[in-house]
Each structure stands twice: as C-alpha cells, then as structure tokens.
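Listed here are the chains, written in short residue letters.
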Amino acid sequence: MTRCLPSAAVSTLTYDVVLQRQAQKDNPAASRALLLFGERGPFGACSERRWGPVYSGGLQCEDKPHLKAAGMALEQLSDVVQRCQALSDDSYTTEDHDVFSISGRTCIEEGDSVQVLSIVLDEKNQDIVRCMGWNLLPPLVQVLLKKQDAKISPCLAIFRHLLQTCRPKELLIGLLEQLEQDDPDTIAESLHLLLNPLQKVLLCLGGRKASSLGMTLSSVLDQVAKLPLPHTKEQEEDDVFSLCRSCTELIDFVKPFVHEARQSLLSGREQKKSADRTAGEPGRDKEDELRTELLKFSMKTLSHPLLELQVKDPDTLAVSPLRNFATEILNTLSAIGESLHSLVFQPVLKRKQVPGFLEEEVRYPKESLASLAHLVFVHHLAADTFPSVFRTEESRIQKGLELYEKSLVRLEDGSLPSDLLEIKSFLTVPQNLVKVMTMCPQHDLRTRGLKVLQLSIDKFDTEAKYHFFQYMLKTSHHSGVEGYVIKNIKTQIDIALQPGNSNVWFEGPQLLPLLRKVLSLPDGPETDLLQYLDRVMESLNLLRYLVIRDKATENQTGVWTELYKIEDTFLKPLRVGVNMSRAHYERELHNTMQTKKGKIKEESVLSVSVGSEKLPNMTSASQIQQALHSALHTFDMIESVLVRIQELTEVKENL
C-alpha cells in the first residue's frame, strides 16, 4: 500500500534511480513499474531527466504549495484505496468513487503519476482498479497528448494497465469521451493515441461488439471530418493536416472486424450449402449486425472524406495514402458481402429495404453511391466489376423533392426569418417531408426527404430554428424524427457555446422551455422504451453533452439550475422505466427458455417468402429469444448512459 510520503528531502536523483530504490525496498508495485519502463524507460534517454527532490519513499516536487496540494491528494487517494481493499467491488460507495476519481486525477495532473502507478499496480488494488480505474483516463490522455517527457513514462504505464484491467464497457465510454476534440492538430494526435486501445477494448466485447463498434466508428468519422483536406499533391505528400495518417490508421483499426465479418459470411455460405443445416443459429443476427455497422461506416466514408477529396491518379502521385484508403473502403464493401456491381448497377428503388432508415447513417445514401461510381469510372478503382451504363427510375415524389431542394439551394444559410413560419406552407411542407421519410417504401426517397429536411433547417435563422424545433417535437409523433430534431438542437447549442457565437435562443433562460420538451418521457415511467429508443438516446446524449460542455460555474445553458427538475421529470422516471422494462423482458426470456427446454423436439422452422425472394429461416422460439436478448441489451445501453450522467453531475457539483 503506498503511503503519503515524508517531507524530508534526501537528494536529487534521476527517474530510473528512484524506481530502482523503490524496488529495493521490496515494493512489488514499484518493481513492476521498473519492469514496465525498462532500464532507460520506454522513451530512451528522456527517462533520465531530473524530477526534482527525492524523498525516502518516492518523488516530490520542489515547489512547496504544489507539494502541499499534491500531498493532500495523494493522502486522500491512499486512504480511499486502503479503505476499499477490505470491501467487495459492489460495496464501494459513491463517495469512494468520487474521492478516488478526484484525488487520482489531481495526483496525475500535479506530477505524482509514479505514486499513482505504484497504487494501480499493487496486486491488492486490482479489484479497485477494475471498478474505478477508468476514471483516471482524462488526465492520462491529456498528459500523453502533450508528450511531456517528465510525465509520459509513468502515465503511459498506468494507461496500459488500465486497458488490461478495467471493464471493457467503461473503458469504451471513457476513451470515446477523450476522443472528442476541436483543434485539428489535437484531433490527429488523439486518433493516433486512442484508435489502437479502442480496437483492443472492442475485441474484448466478443459477440456483443456490433453496436459499440458502430458508435465508435461514428465518433471517429466525426473527428476525421474536422480535419482539413489536402488540395495539392505536395500537401498530401507532406501530410500537412495529418489526414493521410489518420485514414491509414483507421483502415488498420477496422481490419480485424472486417476479417471477422468476412469469415462469418463465408462460414454462413458453407452452412447454407449443407443439407442438414438448421435455421436460426444464435450468432447469425450478431454477424448481420457487424456487417451492417461496417456497411454504415463504408457508406459514410464514401460520403466524407472521399466525396470531397481530389484523389490523385498514379501518374500524378505514385504513392497516394488517400487513394489507398479509397481502395481499402471498396475492398471492405466486397469483404462484407456487398457486390460493388449491384451497388451501382441495380436500381436503388428495387433494393431490398431494411427497417430503421432514420439511424445516424442510412443504409445506401445516394451521395455515397455517387462517390463510389466516381472512384470506379474516373479513377478506375475496381472498374472491371462495373458495367458502363446504369439507370434509375424517377417518380413524382422524387421530382417534387428535387424541385424543393433546388429552391432551397439558392438561399443563403440562416436567411429565412421566423415570421415565415406563420405562412401555412412553411409548416405543411415539413409535415409532408416527415410522411415521405417515415412512410415511403422507396429507400432513396426517404433518404432524399431527410436530406431536404436538413437543408430547410439550415436555411432558417436562429430564432426560426428554435420555433421550428418546438413545432416538430409537438407534431411529428415519430421517435426517429424527434431524435433527429434533438440532434439538431444539440448542434445549435454547441454553436451558441462557441466563443463569439452567443445568442439568446440556444443558451440561457430562453433555452430552458425547449430543453423541458426534449428531456421528458411521453408516458412517464410507462413509456415504451423500445418504441421511443431514438428519442430517448438522443435526449440522453444531449444531457450528457450539456453537463460535460457547460461548466457548473458558468451555467451558460441553465442546465445546472434546472438539474433538479430534470432529475424528477426525466431521469428518475427513465430509471424506473428501464427497471420495469428489464424485469418484464427477463421474465419473458425465462419463460421462453423454460418452454423450449420442456419440448423434446424443436418446433417447426418458419419459412417466409416475399414475392419471389425467400427470407432467412428461423424457428419462432429462436426468433423470440433473440428479440428479447436484443431488448435487454438496449436497456443496458440506456442504463450505462444514465449512470455516466449521474457520475458527471455528482463530480462537477462537488468541485
């Protein structure tokens, strides 16, 4: 157990000498630290930089006020760890979590990372680290991004140990939070640092990784979208914006998941050929989910950055990282079972549709397919798989959407005042767009409707956006549409919180009525959480963003003064609803499994054909069981975000 260090200075020694002395004192944690760093540390001679006065038990800083603050934090950390050693991990209190988190972060920020490393590596503390260690990620990532030689070695060792010890779900949340940056230079370094740890965490999730992979890829692509694009050959060669490196690392990140999806696809085809193959295998849906997430990633990548890039031909640039990136994306599509020929040649209107078009990335966006065709026909990537001509049908709805889109494109963003919302057509047109988006059987028209809706939102000024969002939340009566509106509200709040962009509509008292509409449950605790999943998750994401982005001391959005109301009207009913829903579905799952065990023979296989197309076979019991498991996973996902919001609010209120 690491104690608070005595105040008598001995001498100034190098960093590795200190570690050797600690190891000689039979401190097993310090011995492991020495093994992790090696004789000269992981960064060579930089490990020999002097750290200031050394005390008999370890390192201290020369600055006395700093020494006092750091010593108090280290003493608090040591106390809470010693207290928790005698407890099981489910007995740790909220206070234990808070003290560990705040004192641990303070120690790392103040330069006491060597002592924190000793605590983290101590065998007696591994249950504590497994449960609470992920809270140390924020300061560790900041130190590693700043690349301060004096701090980086112990912080890197702590970081690696947390990745090996902490629970994957909590690590995933913590790492994704640290991925969000605004400065392009920091974004590139953050991706470079975190992509490999994120890959390892996701691989630890086993067959439950698909939705988490989709969330991670979406977050990563959002960060990549903030990087400037190289416009000249020289900019790409020098990688002045680090986009080339980021894209290369992104391909390395997805490779194991693409390989897994490909192997599952090939295995499924072999089983399909077998005459004694049984339908409804438990892993089949999860394999499909993994391929679906990789398809979304590929489609979004084709849209950005590839659609906006000027890909260089071999004659212009012999070695082009971005051309290689585009080639790998096309290879990914082929590997997960998407025929490049069919993606372009078959009419989009006749493509088999998949429910849930209002997810963050639609399945087959036209601009992504256009980007794919451009890569093939202009840059001749995989061109041998494509015919020279393809056509699609048009309908009156499509022409109407195109006409409305053309009329909007001519306008400047933010140019339409709120007075126009008093004109009936400015409200009936969005209503008709919602009908197209939610009821039209043709996938490309639903996608086009969504695009036109966003375009119309962009043309409103700030006040008009505010009133339009209120109107849509009141009238749309569709969880997907409401979730999409809430996502737009988050975007406007983020813009308002940027320096120099302040406005009265998306911060301060004027924002609160809109937040109250968003942070509510339609039917209280009895709300059908699966039916309203899109709305609930976007509401939670907005609240999580607000408590992270808006400091409690500044309270620009008013969320901190409104928090007690949000707790009573939204968070508490949601917790009750999650518990009620989980109990119901667990009981249904138990009954289904008991019924299945009681049967000697599996019930008949269901075979369904739509038109001339036969859908995959599945027994009704297996189908019900998989649906119940999926529902329970959804409730776990909601609860994890709820817990994270509670942790953030408690920590900030205690600061």
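Residues numbered from 1 in each chain as written. Predicted model: local features only at pLDDT ≥ 70, side-chain atom pairs only at ≥ 80, totals over all residues. Heavy atoms only, no water.

### A short note on the overall build of the chain
Along its length, the chain carries 26 helices and 7 strands. Put simply, the chain has 655 residues, and 48% of those count as buried. Taking as baseline every contact in the chain between residues at least 6 positions apart, the subset at least 24 positions apart corresponds to 75%. Here the chain has roughly 31900 Å² of accessible surface; of this, 52% comes from carbon and sulfur atoms. (Helix = DSSP H or I, 4+ residues; strand = E, 2+ residues; numbered from the N terminus. Buried < 20%, exposed > 50% of the residue type's maximum accessible area, 1.4 Å probe, protein only. Contact = heavy atoms within 4.5 Å. Areas by Shrake-Rupley, 256 points an atom, 1.4 Å probe, with all protein chains shown as cover.)

### Structural notes on helix H9 (residues 168-179)
With 12 residues, H9 extends 16 Å from end C-alpha to end C-alpha; this agrees with the ideal 16 Å at 1.5 Å per step. What H9 keeps buried is the set Leu171, Leu172, Gly174, Leu175, Leu176, Glu177, Gln178 and Leu179. (Expected span 1.5 Å × (residues − 1).)

### Topic: the pattern of salt bridges
Following the criterion strictly, the structure yields 24 salt bridges and no others. With a shortest N-O distance of 3.2 Å, Glu189 and Lys147 are connected by a salt bridge. Placement of Glu189 in helix H10 (residues 184-204) and of Lys147 in the loop between helix H7 (137-146) and helix H8 (149-165) is noted, with a sequence separation of 42 residues between them. The class of Glu189 is partly exposed, set by a relative accessible area of 22%. Given a relative accessible area of 48%, Lys147 falls into the partly exposed group. Each of Glu177, Arg544, Arg644 and Glu647 takes part in a single network of salt bridges with overlapping partners. (Salt bridge = Lys/Arg side-chain N within 4 Å of Asp/Glu carboxyl O.)

### Considerations on the packing of helix H22 (residues 479-497) against helix H24 (residues 533-549)
Two elements in contact, H22 and H24, have axes whose closest approach is 7 Å; the angle formed by their N-to-C orientations is 15 degrees. On the basis of the axis angle, H22 is roughly parallel to H24. Crossing geometry of H22 relative to H24 is assigned as left-handed. Residues Ser479, Gly480, Glu482, Gly483, Ile486, Lys487, Ile489, Lys490, Ile493, Asp494 and Leu497 of H22 form the contact with H24, whose participating residues are Leu533, Asp534, Arg535, Glu538, Ser539, Asn541, Leu542, Tyr545, Leu546 and Arg549. Grouping the amino acids of the contact of H22 with H24 by side-chain chemistry returns 8 nonpolar, 5 polar and 8 charged. (Axes fitted to C-alpha atoms, helices over the stretch in contact; angles between N-to-C directions. Parallel < 35°, antiparallel > 145°, perpendicular 65-115°, else oblique. Left-handed = near helix turned anticlockwise from the far one by under 90°. Nonpolar A, V, L, I, M, F, W, Y, C, P; charged D, E, K, R; others polar.)

### Quick look at the side chain of Ser190
Assignment of secondary structure puts Ser190 in helix H10. Once residues within four sequence positions are removed from consideration, Ser190 is found in contact with Leu145, Gln178, Leu179 and Gln181.

### Let's talk about the packing of aromatic side chains
By the definition in use, this model includes 7 aromatic pairs. Ring centres 5.7 Å apart and planes at 55 degrees place the aromatic pair Phe253 and Phe257 in the tilted group. Taken together, the positions of Phe253 and Phe257, both in helix H13 (residues 243-273) and 4 residues apart, correspond to about one turn of that helix. We classify Phe253 as buried; its relative accessible area is 2%. (Phe/Tyr/Trp six-rings, centres within 6.5 Å; stacked < 30°, edge-to-face > 60°.)

### Describing the environment of Leu455
Mapping Leu455 onto the fold places it in helix H20 (residues 443-459). The buried category is assigned to Leu455, whose relative accessible area is 17%. Measuring from C-alpha to C-alpha, the distance between Leu455 and Val409 comes to 7.9 Å, with 46 residues separating the pair along the chain. Once you skip the residues sitting within four places of it in the chain, Leu455 turns out to touch Glu405, Leu408 and Val409.

### Re the side chain of Ser581
Within the secondary structure, Ser581 is located in helix H25 (residues 563-598). Ser581 has contacts with Leu529 and Phe635, leaving out every residue within four places of it along the chain.

### Brief notes about H10
In a regular helix each residue adds 1.5 Å, so 21 residues correspond to 30 Å; H10 covers 30 Å between its end C-alpha atoms and thus fits that length. Considering bend angle alone, the principal kink of H10 is centred on Leu194 and spans about 35 degrees; proline Pro197 follows within four residues of it. By the burial criterion, the buried members of H10 are Ile187, Ala188, Ser190, Leu191, Leu193, Leu194, Leu195, Pro197, Leu198, Gln199, Val201 and Leu202. At the N-terminal boundary of H10, the capping side chain belongs to Asp183, with an oxygen 3.2 Å from the backbone nitrogen of Asp185. Gly206 occupies a position one or two residues after H10 and carries a positive phi of about 65 degrees. (Bend = angle between axes of the 7 residues up to and from the residue. Polar contact = N/O pair within 3.5 Å; in protein donor to acceptor, adjacent residues only side chain to side chain.)

### Description of unusual backbone geometry
Cis geometry is adopted by the peptide bond preceding Pro305, which originates at His304 and carries an omega value of 15 degrees. One can find Pro305 in helix H14 (residues 284-306). Notably, Asp239 is not glycine yet its phi reads approximately 50 degrees, a positive angle. The backbone of Ser242 shows a phi angle near 65 degrees, a positive value even though the residue is not glycine. Within the fold, Ser242 resides in the loop between helix H12 (233-238) and H13.

### Quick word on the confidence of the model for the chain
In this model, the chain carries an average pLDDT of 78, and 77% of its residues clear a pLDDT of 70 or more. The least confident element of the chain, judged by mean pLDDT, is strand S1 (residues 9-14) at 28; the most confident is helix H11 (residues 210-224) at 94. Contacts from residues 346-361, a stretch scored under 50 in pLDDT, to residues over four places away or in other chains number 40 contacts. (pLDDT = per-residue confidence, 0-100.)

### With respect to the packing of helix H19 (residues 425-439) against helix H21 (residues 462-475)
Here H19 crosses H21 at 50 degrees, and the two axes come no closer than 12 Å. When the axes of H19 and H21 are compared, the pair comes out oblique. Like other packed secondary-structure pairs, H19 and H21 cross with a definite hand, here right-handed. Note on element contacts: H21 touches H19 through Phe468, Tyr471 and Met472, opposite Leu427, Pro430, Gln431 and Val434. Partitioned by chemical class, the residues of the contact of H19 with H21 number 6 nonpolar, 1 polar and no charged.

### Here we look at the nonpolar core
Membership of the largest hydrophobic core comes to 94 residues, with the highest contact counts inside it found for Leu162, Phe253, Leu294, Leu302, Leu333 and Leu372. Each residue touching Phe253, except ones within four places of it in the same chain, is listed here: Leu195, Leu198, Gln199, Leu202, Leu213, Thr216 and Leu217. One finds Cys440, Leu450, Leu515 and Val518 within the second-largest nonpolar core, a separate group that totals 69 residues. (Core = buried A, V, L, I, M, F, W, Y, C linked by side-chain atoms within 4.5 Å.)

### A word on the environment of Val559
Topologically, Val559 is positioned in the loop between H24 and H25. Along the backbone, Val559 and Leu543 are 16 residues apart, and their C-alpha atoms lie at a distance of 8.5 Å. Those residues within four positions of Val559 in sequence are excluded, and the remaining contacts are Leu543, Leu546, Asp550 and Ile566.

### Thoughts on the state of the cysteines
Scanning the entire structure with this criterion turns up 0 disulfides. Looking at Cys84, it has no disulfide partner, and the nearest cysteine sulfur is the one in Cys131, 8.6 Å off. Left without a disulfide partner, Cys166 is nearest to the cysteine sulfur of Cys131, which lies 9.1 Å away. (Disulfide = S-S within 2.5 Å.)

### Thoughts on the environment of Cys107
Mapped onto the secondary structure, Cys107 falls in helix H4 (residues 94-109). Through-space distance from the C-alpha of Cys107 to that of Glu75 is 9.8 Å; in sequence the pair is 32 residues apart.

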